[in-house]
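Secondary and tertiary structure notes
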Amino acid sequence: MAHLAIIGPGAIGCTMLGWLGRSPAHRVFACARTPFETVTLETPDGVLESRPTVLTVPADAPVVDWVLVATKTYDTAGAAEWLRRLTGPRTHVAILQNGVEHLARFAGIVAPGMLLPVVVDCPAERIAPGRVRQRGPGRMTVPDSEVGRAFVALFAGTPLEGLTTSDWRSVAWRKLCLNAAGAVNALTLQPARIAHDEAVANLMRAIVREAILVGRREGATLDDALTETVIASYRSAPPDAINSLHADRLAGRPMEIDARNGVIVRFGRQQRISTPVNETVVTLLNAIASPAKV
C-alpha cells in the first residue's frame, strides 16, 4: 500500500483526494489548516465522497511515499514545515501548481532529486471546505522519467489521466498561456462566456502573444496557433465557468498574480522582451489586491 499526503485541499487538492482516496491501494492523508471530515467531489458522472485522514498539525504527519503539493504558489513557504515532516529518503514530492517555476520554487526546501513538476489541467472549482465541483476530465503531465511514470501509475483505475512528456517545459508554457489569459476574467469578474466578446478576446490574444514570445526565448516550443487555441478553450468552456484567479478574487483570497502573469513580465525583462499588456494586467491586479489607502 502506498502512503500519500496531499498538502492543500483546495480545488485541485480535493480532486486528488476524491479520486485517490477511493483506491484500496492507497492510504491518503490530507494536510490542511482547518479540519474537515469528508471530501465531496461533484463530477459530471455523479458525486464522490471520501473520508481521508486529515492532519492539521505538521508534528502529527508521518513519513510517506508521495507528497502531492497542491497549494497556491504563494503558499509554498507554508508547505515547507509539512514537507520536513512528511519526507524521508525515498519520498517523492509532486508539485501540482500553476506557473513554470515549479522546481525553482522549492529549491532549498526539498532536495532536487525528490521533486517532480506536474502540469495540471482540471476544470475544478472549490465550493466550500472539502467540497469541489469537477466540471470535466482531469489531465496531469509530468517529465518522462522513472519517477514520472510511477506518479502516473498512482492514478490507475481513476478517470484522471496521467501523461509523460520529453518536453515538459513546452507543456508548462502552453498551460501558462491559457492561465495568463484568464486574468481578464479576474479583472472583469466575468466567467468564461466573456471570451465570446471579440474585443475581450483580442485583449486575451495580446496577453497570450506576449507569453508566447517570452516562452520561446525560455526554450519552449510554442506555435502561433496557440493564441486561437486559448480563445477556443475559453469559448468552449461552460459559460459560467470561472478560473482560480477569478475565484480567489471573488472570495477575497490572495491571487496568484505573479505565477500567472507576473512571471511573463519578469522573464520578459530578463530577455529584453517588451510585455506591456501583461505589465498592465499585473499592475491592475496588484492594485485590486492591495488598494492604496488615501
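About the thresholds
Residues numbered from 1 in each chain as written. Predicted model: local features only at pLDDT ≥ 70, side-chain atom pairs only at ≥ 80, totals over all residues. Heavy atoms only, no water. Core = buried A, V, L, I, M, F, W, Y, C linked by side-chain atoms within 4.5 Å. Buried < 20%, exposed > 50% of the residue type's maximum accessible area, 1.4 Å probe, protein only. Helix = DSSP H or I, 4+ residues; strand = E, 2+ residues; numbered from the N terminus. Axes fitted to C-alpha atoms, helices over the stretch in contact; angles between N-to-C directions. Parallel < 35°, antiparallel > 145°, perpendicular 65-115°, else oblique. Left-handed = near helix turned anticlockwise from the far one by under 90°. Contact = heavy atoms within 4.5 Å. Nonpolar A, V, L, I, M, F, W, Y, C, P; charged D, E, K, R; others polar. UniProt positions renumbered as here; feature names shortened; annotations may be inferred. Pairing = 2+ DSSP bridges. 1 Å grid on protein atoms, 1.4 Å probe; cavity = no way out; pocket = protein on both sides within 12 Å on 5 of 7 lines; lining within 4 Å. Points joined across faces, edges and corners; volume = space filled by probe spheres on them. Right-handed = clockwise from strand over helix to strand, strands pointing away.

**Observations regarding the nonpolar core**
Core analysis: the biggest nonpolar cluster contains 40 residues, and V100, W173, C177, M204, V230, I264 and L285 have the highest contact counts within it. Secondary structure elements with two or more residues in this core: helix 5 (168-181), helix 6 (183-188), helix 7 (198-217), helix 8 (226-236), helix 10 (257-270) and helix 11 (276-289). Membership of the second largest hydrophobic core comes to 34 residues, among which are L17, A30, L48 and L68.

**A look at the packing of helix 7 against helix 8**
When two helices pack together, you describe them by how their axes are tilted relative to each other and by the distance separating the axes. As a packed pair, helix 7 and helix 8 sit with axes 9 Å apart at the nearest point and diverge in direction by 135°. Overall, the two elements helix 7 and helix 8 adopt an arrangement that is oblique. Considering only the axes of helix 7 and helix 8, their crossing is right-handed. Residues E198, A201, M204, R205, V208, R209 and I212 of helix 7 form the contact with helix 8, whose participating residues are L226, T227, E228, V230, I231, Y234 and R235. For the contact of helix 7 with helix 8, a count of residues per class yields eight nonpolar, one polar and five charged.

**Overview of the UniProt feature "domain: Ketopantoate reductase N-terminal" (unreviewed entry) in the chain**
UniProt's feature table lists "domain: Ketopantoate reductase N-terminal" (unreviewed entry) at residues 5-144, given in the numbering used throughout. Taken end to end, residues 5-144 is 18% helix and 37% strand, and its two terminal C-alpha atoms sit 23 Å from one another.

**Details of the sheet that holds strand 3 (residues 39-43)**
Ordered by their spatial adjacency, four strands build an open sheet running 4-3-10-9, and the pairing between neighbours is mixed. The open sheet has two edge strands with one neighbour each: strand 4 (46-50) and strand 9 (124-128). Going across the sheet, the axis of each strand differs from the next one's by a mean of 20°, ignoring polarity. Note that strand 3 and strand 10 (residues 131-134) share three bridges and pair parallel. Following the sheet pairing, E42 is matched in strand 10 by R133. Against the sheet, helix 1 (residues 11-20) makes contact with strand 3, strand 4, strand 9 and strand 10, and its axis sits at roughly 95° relative to strand 3, the strand it touches most.

**Some points on the layout of surface pockets**
Considering only enclosed or pocket space, the second largest pocket measures out at about 220 Å³ in volume. In terms of lining, the second largest pocket is formed by V100, E101, H102, L103, A104, P117, W168, R169, A172, W173, E218 and F267. Every element with two or more residues in the lining of the second largest pocket is listed here: helix 3 (102-105) and helix 5. Looking at the lining of the second largest pocket residue by residue, the classes come out as eight nonpolar, one polar and three charged.

**Observations regarding the pairing of strand 12 (residues 161-165)**
Across five bridges, the pairing between strand 11 (residues 139-143) and strand 12 is parallel. Bridge pairing in strand 12 places R139 opposite E161. Handedness of the crossover joining strand 11 and strand 12 through helix 4 (residues 146-153) is recorded here as right-handed.

**What about the UniProt feature "domain: Ketopantoate reductase C-terminal" (unreviewed entry) in the chain?**
UniProt records the feature "domain: Ketopantoate reductase C-terminal" (unreviewed entry) at residues 167-288, using the numbering of this structure. Secondary structure across residues 167-288 comprises 70% helix and 0% strand; the distance between its end C-alpha atoms is 36 Å.

**Description of unusual backbone geometry**
Positive phi is not limited to glycine here, since L189 has a value of about 55°. Take L189: it is sitting in the loop between helix 6 and helix 7. With relative accessibility at 34%, the residue L189 sits in the partly exposed group. The phi torsion at R272 lies on the positive side, around 60°, for a residue other than glycine. Locating R272 in the fold gives a position in the loop between helix 10 and helix 11. Residue classification places R272 among the exposed residues on the basis of a relative accessible area of 79%.

**So, the environment of A5**
Take A5: it is sitting in strand 1 (residues 2-7). On the accessibility criterion, A5 (0% relative accessible area) is buried. With 10 residues separating them along the chain, A5 and T15 place their C-alpha atoms 13 Å apart. With near-sequence residues (within four places) excluded, A5 lies in contact with F29, C31, V64, W66, V67, L68 and L86.

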